[in-house]
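Per-entry structural report
The primary structure of each chain is shown beneath.
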Amino acid sequence: MRKYKRKLIISLSVLIFPWLTAPFIGTKSFVRFLPVATFANLFIIVFTVIANQKKWFRNNNPLFPKAPIDFTYILGPHLIGTLWIFKLTYGSFLKYILANTVLDWFNIFPFGGALKKAGIFKMKKMSPSMYWGMTTVLAVVLYGYQYIVEKVIRQTNDSQSRLQVLKATIQKRSSNS
């Protein structure tokens, strides 16, 4: 029972602590980067379902014991971490990839080791290095995704601006007539 309580406290901490930093992200950045963070989480969810079927790793999270997905990690540090990384580095791919690679390394090795020691998470048929490589490739995909999202938003805003100018011109001409 004591071991279960320790796992429960660790899992709750993993879920809650990242959210304590969310107000410092700012509403504008939160909304701006929420699509890429959601896309990243969707990818991790699909990956986790496949990984469970292939027995690449095992998750013993007491908050969601029957779920094949670790929602504690996905809704906590992964979601908030993605928002922070994009807020602090988007616009400089080199800064982004360096920050992401270093943070993923800490996430997989020291943090993953602590979760293994606590009995919450354990790599089985997939090595931590393979997982790190996969997250690095995912980082590149996510940056591209955010680039496309930003481009679409800029084009939409440009189209709306042109439409407003056209509308004002038409109103001026009709009032002059």
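Residues numbered from 1 in each chain as written. Predicted model: local features only at pLDDT ≥ 70, side-chain atom pairs only at ≥ 80, totals over all residues. Heavy atoms only, no water.

1. As for the confidence of the model for the protein
Looking at the protein as a whole, the pLDDT averages 86, with 96% of positions reaching at least 70. Within the protein, the lowest mean pLDDT, 77, falls on strand S2 (residues 121-123), and the highest, 94, falls on helix H3 (residues 71-89). (pLDDT = per-residue confidence, 0-100. Helix = DSSP H or I, 4+ residues; strand = E, 2+ residues; numbered from the N terminus.)

2. Comments concerning helix H4 (residues 93-118)
Its 26 residues place the ends of H4 35 Å apart at the C-alpha level, agreeing with the 38 Å of an ideal helix rising 1.5 Å per residue. Roughly 35 degrees is the biggest bend found in H4, and it falls at Gly 112. Listing the buried residues of H4 in full gives Tyr 96, Ile 97, Asn 100, Asp 104, Asn 107, Ile 108, Gly 112, Leu 115 and Ala 118. Trailing H4 by a residue or two, Gly 119 shows a phi angle of about 80 degrees, which is positive. (Expected span 1.5 Å × (residues − 1). Bend = angle between axes of the 7 residues up to and from the residue. Buried < 20%, exposed > 50% of the residue type's maximum accessible area, 1.4 Å probe, protein only.)

3. Some thoughts on a positive patch on the surface
A cluster of basic residues, Lys 55, Arg 58, Lys 116, Lys 122, Lys 124 and Lys 125, forms a positive patch at the surface. By the secondary structure assignment, Lys 116 is in helix H4. The class of Lys 116 is exposed, set by a relative accessible area of 52%. (Patch = residues over 30% accessible without salt bridge, like charges linked within 9 Å, V, L, I, M, F, W, Y side chains within 5 Å. Areas by Shrake-Rupley, 256 points an atom, 1.4 Å probe, with all protein chains shown as cover. Salt bridge = Lys/Arg side-chain N within 4 Å of Asp/Glu carboxyl O. Lys, Arg positive; Asp, Glu negative; His and termini not counted. Charge placed at Lys NZ, Arg CZ, Asp CG, Glu CD.)

4. Structural notes on the nonpolar core
Membership of the largest hydrophobic core comes to 30 residues, with the highest contact counts inside it found for Phe 33, Phe 47, Leu 83, Phe 86, Tyr 96, Tyr 131 and Leu 142. Elements represented by at least two residues in this core include exactly helix H2 (27-54), H3, H4 and helix H5 (128-176). The contacts of Leu 142, once residues within four sequence positions are left out, are Val 36, Phe 39, Ala 40, Phe 86 and Tyr 96. (Core = buried A, V, L, I, M, F, W, Y, C linked by side-chain atoms within 4.5 Å. Contact = heavy atoms within 4.5 Å.)

5. With respect to unusual backbone geometry
Although it is not a glycine, Lys 55 sits at a positive phi angle of roughly 60 degrees. Secondary-structure assignment places Lys 55 in the loop between H2 and strand S1 (57-59). The exposure class assigned to Lys 55 is partly exposed, which follows from its relative accessible area of 48%.

6. Some points on the packing of helix H1 (residues 2-16) against H4
Geometry of a packed helix pair, given as the angle between the helix axes and the separation of the axes. With their axes 10 Å apart at the nearest point, H1 and H4 run at an angle of 155 degrees to one another. As summarised for this structure, H1 and H4 are arranged roughly antiparallel, according to the angle between their axes. For the pair H1 and H4, contact is made by Arg 6, Lys 7, Ile 10 and Val 14 and by Phe 111, Leu 115, Lys 117 and Ala 118, respectively. Taken together, the residues of the contact of H1 with H4 sort by class into 5 nonpolar, no polar and 3 charged. (Axes fitted to C-alpha atoms, helices over the stretch in contact; angles between N-to-C directions. Parallel < 35°, antiparallel > 145°, perpendicular 65-115°, else oblique. Nonpolar A, V, L, I, M, F, W, Y, C, P; charged D, E, K, R; others polar.)

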